[in-house]
Amino acid sequence: MSNNEQTNSHSHFPWSHLIGFGLSIFLTLLALWVGFASDFSLRTIMIIVVILALIQAAIQLLMFMHITESDSSRIQVGTILYAVFIAVAVVAGTIWVMSFGMHNMNM
Amino acid sequence: MESVEYSPNTPLEYQSETGRLNILGFWIFLGAEIALFSTLFATYLVLVGRTAGGPGPEELFELSGVLIETFLLLTSSFTCGLAIHYMRNHSLKGLFLWLGITLALGLGFLGFEIYEFVHYIHEGAALTTSAYWSAFFVLVGTHGAHVTMGIAWIILILIQLKQRGLTPDTTRKVFISSLYWHFLDVVWIFIFTAVYLYGMVM
C-alpha cells in the first residue's frame, strides 16, 4: 500500500454525487406526481415518465458511474448509446409487431 | 504495474493496462446487459393485460412497498458512489463504511422484494398464473437475481480488501463492482416506470 505519494484531486466534498442523488429523488417524486396527481392522458403520462426515467439513467451514468472519465470514454459512451439504440429497437419493435392481431391490449 | 507515465492523480484502478482494459470490458458487458433486459421489458410490455382471468397488477401493486424498494436501491447507488469517492481518497475506512451501508441497503431492497413476491403468490399471482405474471416475475426476478449476485460479489471483494488493502487490483475490482451496482439502479428506474407506475396508473 505505497500509494501515499498520490496527492488527490478528489478530496473535495462529493458534490456531484449529492446533486445526482437529490436530482434522482426529485425525478422519482416528479414521476409519481405526473402518474397520480396530474390530469394528463395515459399516453401523455407514459411519455413524460419514460423521459424522466431516461434523464435519471443519464444522471447515474454521468454523475455516479463517471462514464466520461477515462481515456476510453468515447468507446464507453458509444457502447452504451448503441446498447440503448438496440434496447429501443427491441422494445418499440416488439410492441409494434405484436400490436397486430392483439385487439384487447390495454394500451 | 507500469504506472510511471500516469499523473499521481490518476485513480489506482486506471494505473495499469489490465485495469483500464477490464473497466472498458465491463462497460461493453453492461451494453450486453442493456440488450438482455430490453428483451425482458419487451416481453413484459407485450403481455400487459394477459392475466387469463386472474388478478391484475392494479389489484396487487402497492405504492408504499414499491417506493420503499425504489428509495432503498436509489440510496444504495448513492452510498456506493461515496464508497468510490473515499476509495480515491485512499480511505480504506471510508470505503468499508460506505460499501457496508450499500450492502445493508441492498439486502433491505432484496428483503422487501422477496416479501412482495411471496405476498403476490399468496394472493394467487404466481409464475404460472398467467402470461402477464410470468413476464412480471421473469423481468423483476432477473433484476433481483442480479442484486443478489451483486451483494455476494461485493462481500467477496470486501474480504479481499481486508486482506490486501488498496492496490491497483483491489481498487479495480471495487470500481467494476460499483459500475455493476449503479447499473442495477438504472435498470430499476425502468422497472419502476414501465412495470409499477404503468401498472398502477393504467
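It should be emphasised that the depicted structure is a prediction, and the values quoted were computed from it without experimental measurement. Residue positions are counted from 1 within each chain, in the order its sequence is given. As they are written, the chains are lettered A onward and the ligands numbered 1 onward, keeping that order. At least 70 in pLDDT is required for a residue's local features to be given in this predicted model, at least 80 for side-chain atom pairs to be given and counted, and no such filter applies to totals for whole chains, interfaces and linings, which use all residues.

**Q** Any chance you could explain the interface of chain B and chain A here in plain terms?
**A** It is common to give the size of an interface as the accessible area lost on bringing the parts into contact. Each side of the interface is counted separately: chain B has 43 residues, and chain A has 48 residues. Secondary structure counts use DSSP, requiring at least four H or I residues in a row for a helix and at least two E residues in a row for a strand, with both numbered from the N terminus. Looking at the side of chain B that touches chain A, the elements with two or more residues in it are α1 (17-47), α3 (63-88) and α6 (168-201) of chain B. At 14 residues, α1 of chain B tops the list of elements feeding residues into the side of chain B that touches chain A. Contact between residues is assigned whenever the C-beta positions, reconstructed from backbone atoms, fall within 7 Å.

**Q** Sorry if this is basic, but what is going on with the domain arrangement of chain A here?
**A** Residues and elements named next belong to chain A. Annotation comment: domain bounds sourced from an automatic or database domain assignment. For chain A, the assigned domains are domain 1 (1-70) and domain 2 (72-107). The interface is formed by 5 residues belonging to domain 1 together with 5 residues belonging to domain 2. Gly counts as polar in this scheme, as do all residues outside two lists: the nonpolar Ala, Val, Leu, Ile, Met, Phe, Trp, Tyr, Cys and Pro, and the charged Asp, Glu, Lys and Arg. Tallied by class, the residues present in the side of domain 1 that touches domain 2 amount to 2 nonpolar, 2 polar and 1 charged.

**Q** It is not clear to me how unusual backbone geometry should be interpreted in this structure. Could you clarify?
**A** Positioned with a positive phi, His66 of chain A is a non-glycine residue whose angle comes to about 50°. Residue position: His66 of chain A is located in the loop between α2 (42-64) and α3 (73-99). Here the phi dihedral of His90 of chain B falls at roughly 60°; this positive angle occurs in a residue that is not glycine. Within the fold, His90 of chain B resides in the loop between α3 and α4 (92-122). Exposed residues have 12 or fewer other C-beta atoms within 10 Å of their own C-beta, buried residues have 20 or more, and residues in between are partly exposed; the C-beta atoms are placed from the backbone. Given 19 C-beta atoms within a 10 Å radius, His90 of chain B is considered partly exposed.

**Q** Mind showing me how you'd approach the nonpolar core here?
**A** A general tendency of soluble globular proteins is for nonpolar side chains to be buried together. Each nonpolar core reported here comprises buried Ala, Val, Leu, Ile, Met, Phe, Trp, Tyr and Cys residues connected via C-beta atoms within 7 Å. Among the nonpolar cores identified, the biggest contains 79 residues, and Phe41, Tyr44, Phe136, Leu139, Ile191 and Val195 of chain B are the most heavily contacted of them. Looking at this core, the elements that each hand over two or more residues are α1 (15-36), α2 and α3 of chain A together with α1, α3, α4, α5 (131-164) and α6 of chain B. For this core, the leading source of residues is α6 of chain B, giving 20 residues. In this structure, this core is formed jointly by two domains, domain 1 (1-70) and domain 2 (72-107) of chain A, each of which donates at least three residues. Setting aside anything within four residues of it in sequence, one finds Phe41 of chain B in contact with Val91 of chain A together with Leu139, Phe190 and Ala194 of chain B.

**Q** Looking at this structure, I do not really get the UniProt feature "transmembrane region" (unreviewed entry) in chain A. What am I missing?
**A** All names here are of chain A. UniProt positions are given in the numbering used here, feature names are shortened, and annotations may be inferred rather than shown by experiment. Feature annotation in UniProt assigns "transmembrane region" (unreviewed entry) to the following positions: residues 12-33, 45-67 and 79-101. Taken end to end, residues 12-33 is 86% helix and 0% strand, and its first and last C-alpha atoms sit 35 Å apart. The span residues 45-67 carries 87% helix and 0% strand; its end-to-end C-alpha distance comes to 30 Å.

**Q** For this particular structure, what's the right way to read the packing of α5 of chain B against α6 of chain B?
**A** Pairs of packed helices are described in terms of their axes, by the angle between the two and the distance that separates them. Residue and element names in this part refer to chain B. At a closest axis distance of 10 Å, the pairing of α5 and α6 adopts a crossing angle of 160°. In terms of their interaxial angle, α5 and α6 are classed as roughly antiparallel. Viewed along their axes, α5 and α6 form a crossing whose handedness is left-handed. Residues of the contact of α5 with α6, tallied by class, amount to 16 nonpolar, 6 polar and 2 charged. Axis definition: a line fit to C-alpha positions, over the contact stretch in the case of helices; interaxial angles, taken between N-to-C directions, run 0 to 180 degrees. When an angle is under 35 degrees it counts as roughly parallel; over 145 it counts as roughly antiparallel; between 65 and 115 it counts as roughly perpendicular; any other value is oblique. Left-handed describes a crossing in which the near helix is turned anticlockwise from the far one by less than a right angle; the clockwise case is right-handed.

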